[in-house]
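Architecture and fold: a report
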Amino acid sequence: MFIKLHLMYYAVTLFLIVLSFCVHQLFFVLLVLFLFFFIAKTSFFEVLAFLLCVSLIYTFIPQRDKEFHEIIEGKVVQCNENSAIIQCDNQNVKVYHDVQFKYGDKVIMKISELEINEQSNDNAFNEKIYYQSNDLDIKAKCIQIIKKSHSYNFVDFIESRMSSHQVVKSYQRLFLLGIKDELIEDEYQQLLSLSVVHLFALSGMHLYYLKKFISQIFSLVLNKEKSDIVVY
């Protein structure tokens, strides 16, 4: 019980630290009050040692770069017909474009910054919160592709094993990889209105195939019974 209580104190302290830095400075008040309670339940030196450890760990975490850079270099980690997310060294940039990108492309491009809009009335879509929750730092438009290269990856392997029929392949890319193209744009809107896309996402099919894939890997060195135990 003693250890569990201490772990709970540590967890609450970390939670309040995250809220204070990432949500609102008002949580600093709750953090200070809880630290007094924490000290009363343990000791000043224990709390001080814990905070020093947290500070030390924080110094080794790469800091996010929130500044706009006209030239960016990074890797395409998500893409569709008119936008792509570029993962750079210390920031993620959502770029709107009119060129063809593929997952895994390495690019150097010139961009112009776009404004991230906040909600103008209650219950409206808040783009700023959307960007924060999706770990996106900059919204931009592609001006010029300076360099683009591609290396073979696991997504390419999946696409190489898809149907040769273009429409069927578009559906496979949509449901397996989350990539939609213009070929099924109208059908995609109909699937959204019928909630088929959400139903498919919640079906657990992706987890089933992931489990099956991992099971096949372990089956190379273990028998089926032991492999199933490891996977489950």
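In what follows, the structure referred to is the one given above.
Parameters and conventions
- Residues numbered from 1 in each chain as written.
- Predicted model: local features only at pLDDT ≥ 70, side-chain atom pairs only at ≥ 80, totals over all residues.
- Heavy atoms only, no water.
- Pairing = 2+ DSSP bridges.
- Helix = DSSP H or I, 4+ residues; strand = E, 2+ residues; numbered from the N terminus.
- Patch = residues over 30% accessible without salt bridge, like charges linked within 9 Å, V, L, I, M, F, W, Y side chains within 5 Å.
- Areas by Shrake-Rupley, 256 points an atom, 1.4 Å probe, with all protein chains shown as cover.
- Salt bridge = Lys/Arg side-chain N within 4 Å of Asp/Glu carboxyl O.
- Axes fitted to C-alpha atoms, helices over the stretch in contact; angles between N-to-C directions.
- Parallel < 35°, antiparallel > 145°, perpendicular 65-115°, else oblique.
- Contact = heavy atoms within 4.5 Å.
- Nonpolar A, V, L, I, M, F, W, Y, C, P; charged D, E, K, R; others polar.
- Polar contact = N/O pair within 3.5 Å; in protein donor to acceptor, adjacent residues only side chain to side chain.
- Phe/Tyr/Trp six-rings, centres within 6.5 Å; stacked < 30°, edge-to-face > 60°.
- Buried < 20%, exposed > 50% of the residue type's maximum accessible area, 1.4 Å probe, protein only.

Pairing geometry for strand β1 (residues 71-79) and strand β4 (residues 106-113), over five bridges, is antiparallel. Looking at the pairing, Ile72 lines up with Met109 of β4. Across four bridges, β1 lies against strand β2 (residues 83-87) in antiparallel orientation. In the strand pairing of β2, Gln78 is matched with Ile85. Counted between consecutive antiparallel strands, the loop separating β1 from β2 contains three residues.

Bringing a nonpolar patch on the surface into the picture now. On the surface, Tyr152, Phe154, Phe157, Leu207, Leu210, Phe213, Ile214 and Ile217 cluster together into a nonpolar patch covering about 820 Å² of accessible area. Those elements that provide at least two residues to the nonpolar patch are α5 (154-160) and α9 (205-218). Among the elements that make up the nonpolar patch, the one with the highest residue count is α9 (five residues). Among the structural elements, Leu210 can be located in helix α9.

Attention now moves to the pairing of strand β5 (residues 138-149). On a regular strand, each side chain points to the face opposite its neighbour's, so the side chains alternate between the two faces of the sheet. Examined bridge by bridge, strand β3 (residues 92-96) and β5 share four bridges and lie parallel to one another. Bridging from a neighbouring strand, Lys94 pairs with Lys139 of β5. As paired strands, β4 and β5 are joined by eight bridges and run antiparallel to one another. Within β5, the residue paired with Met109 across the bridge is Ile145.

Ordered by their spatial adjacency, five strands build a closed barrel running β1-β2-β3-β5-β4, and the pairing between neighbours is mixed. Taken pair by pair, the neighbouring strands of this sheet meet at an average axis angle of 55 degrees, ignoring direction. Relative to β3, β2 runs antiparallel, the two sharing five bridges. In the sheet register, Gln87 faces β3, and the bridge partner there is Asn92.

Quick look at the packing of helix α2 (residues 27-41) against helix α3 (residues 44-60) now. Two numbers describe how α2 lies on α3: the axes approach to 7 Å, and their chain directions differ by 130 degrees. By the criterion of interaxial angle, the relationship of α2 to α3 is oblique. Across the interface between the two elements, Leu35, Phe38 and Ile39 of α2 pack against Phe44, Val47, Phe50 and Leu51 of α3. Here the residues of the contact of α2 with α3 are counted per class, giving seven nonpolar, no polar and no charged.

This next bit is on the side chain of Gln91. Residue placement: Gln91 occurs in the loop between β2 and β3. Reaching out from Gln91, the side chain makes a polar contact with the backbone oxygen of Glu67 at a distance of 3.1 Å. Sequence-distant contacts of Gln91, that is, excluding residues within four places in its chain, are made with Arg64, Asp65, Lys66, Glu67, His69, Ile72, Ile86, Asp137 and Ile138.

So, on to the packing of aromatic side chains. Inspection of every chain in the model, using the stated rule, returns 10 aromatic pairs. Between the aromatic rings of Tyr9 and Phe34, the centroid separation amounts to 6.4 Å while the plane-to-plane angle is 65 degrees, which identifies the pairing as edge-to-face. With Tyr9 in helix α1 (residues 2-22) and Phe34 in helix α2, this residue pair connects regions lying 25 residues apart in the sequence. Note on Tyr9: relative accessible area 8%, which makes it buried. For Phe34, a relative accessible area of 15% puts it in the buried group. Through a chain of ring-to-ring contacts, the aromatic side chains of Tyr9, Tyr10, Phe34, Phe37, Phe38 and Phe50 assemble into a single cluster.

Turning next to the environment of Ile111. Within the element layout of this structure, Ile111 appears in strand β4. Separated by 28 residues in sequence, Ile111 and Lys139 place their C-alpha atoms 9.6 Å apart. Each residue touching Ile111, except ones within four places of it in the same chain, is listed here: Phe68, His69, Glu70, Ile72, Val93, Val95, Ala140, Lys141, Cys142 and Ile143.

Let us look at the side chain of Ser83. Considering the arrangement of structural elements, one finds Ser83 in strand β2. Here Ser83 falls in the buried class, since its relative accessible area comes to 6%. Among all residues touching Ser83, those that are not within four sequence positions of it are Lys94, Val95, Tyr96 and His97.

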